[in-house]
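Next come the chains, spelled out residue by residue.
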Amino acid sequence: MTRIDFYTEVDQPAVFACRLANTVYKKGERLTVWLADEEALASFSTRLWCLSDTLFVPHCHVDDALAAETPVLLAATLPHDAGGVLLNLGPSYPDAPERFSRILEIVGRDEAALAAARDRFKAYRTRGFTIEHHDMSQRSS
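Conventions used here
Residues numbered from 1 in each chain as written. Predicted model: local features only at pLDDT ≥ 70, side-chain atom pairs only at ≥ 80, totals over all residues. Heavy atoms only, no water. Buried < 20%, exposed > 50% of the residue type's maximum accessible area, 1.4 Å probe, protein only. Helix = DSSP H or I, 4+ residues; strand = E, 2+ residues; numbered from the N terminus. Pairing = 2+ DSSP bridges. Contact = heavy atoms within 4.5 Å. Polar contact = N/O pair within 3.5 Å; in protein donor to acceptor, adjacent residues only side chain to side chain.

Where an unreviewed UniProt entry is consulted, the chain appears under the name DNA polymerase III subunit chi, with the organism given as Crenobacter cavernae.

Structure, rendered in structure tokens:
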């Protein structure tokens, strides 16, 4: 069954998301990063390129010709055949979350992010998913 990981009290969600994407990539897992829209997708792609001078996280748009060979896919709309790990950076609960082995949710400290995360948390719990909570308040992003 799909495991859900909520990372809460994240100081810099965008930076943390890039590091989390790198961690999943290093573990050899396929990752889909779901973002709110194409503008957010482009911004996240730029962040991945600028993560570090010595790190490279191979990624592309889910519709790119190289998507089948690329370990990290960026999507503003989730494809129906997506699987592996999902990093949900969008505001919504994903359709058919059971198709993923894990779903990663990052929650910042602002009220809007907290409210949206509470709704997603309740939706996952109602559907019976195993949820792991990681309080990041004492860690730096």
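Let's talk about the pairing of strand E1 (residues 3-8)
Within E1, 5 of the 6 residues are buried, which leaves the element mostly enclosed by the surrounding structure. Here E1 pairs with strand E6 (residues 102-106) via 5 bridges, running parallel. Note on E6: the bridge partner recorded for Tyr7 is Ile106. Sheet analysis places E1 next to strand E7 (residues 130-135), joined by 6 bridges and oriented parallel. Opposite Ile4, over in E7, you have Ile131 as the bridge partner.

Some points on the environment of Ala21
Within the secondary structure layout, Ala21 lies in helix H1 (residues 13-26). You can call Ala21 buried: its relative accessible area is 0%. In this structure, Ala21 is in contact with Leu31, Phe44, Leu48 and Leu87, ignoring residues within four places of it in sequence.

Details of the side chain of Asn88
If you trace the backbone, Asn88 turns up in strand E5 (residues 85-88). A polar atom in the side chain of Asn88 sits 3.0 Å from the backbone nitrogen of Gly90. Setting aside chain neighbours within four positions, we find Asn88 in contact with Trp34, Pro94, Ile103, Leu104, Glu105, Ile106, Arg120 and Tyr124.

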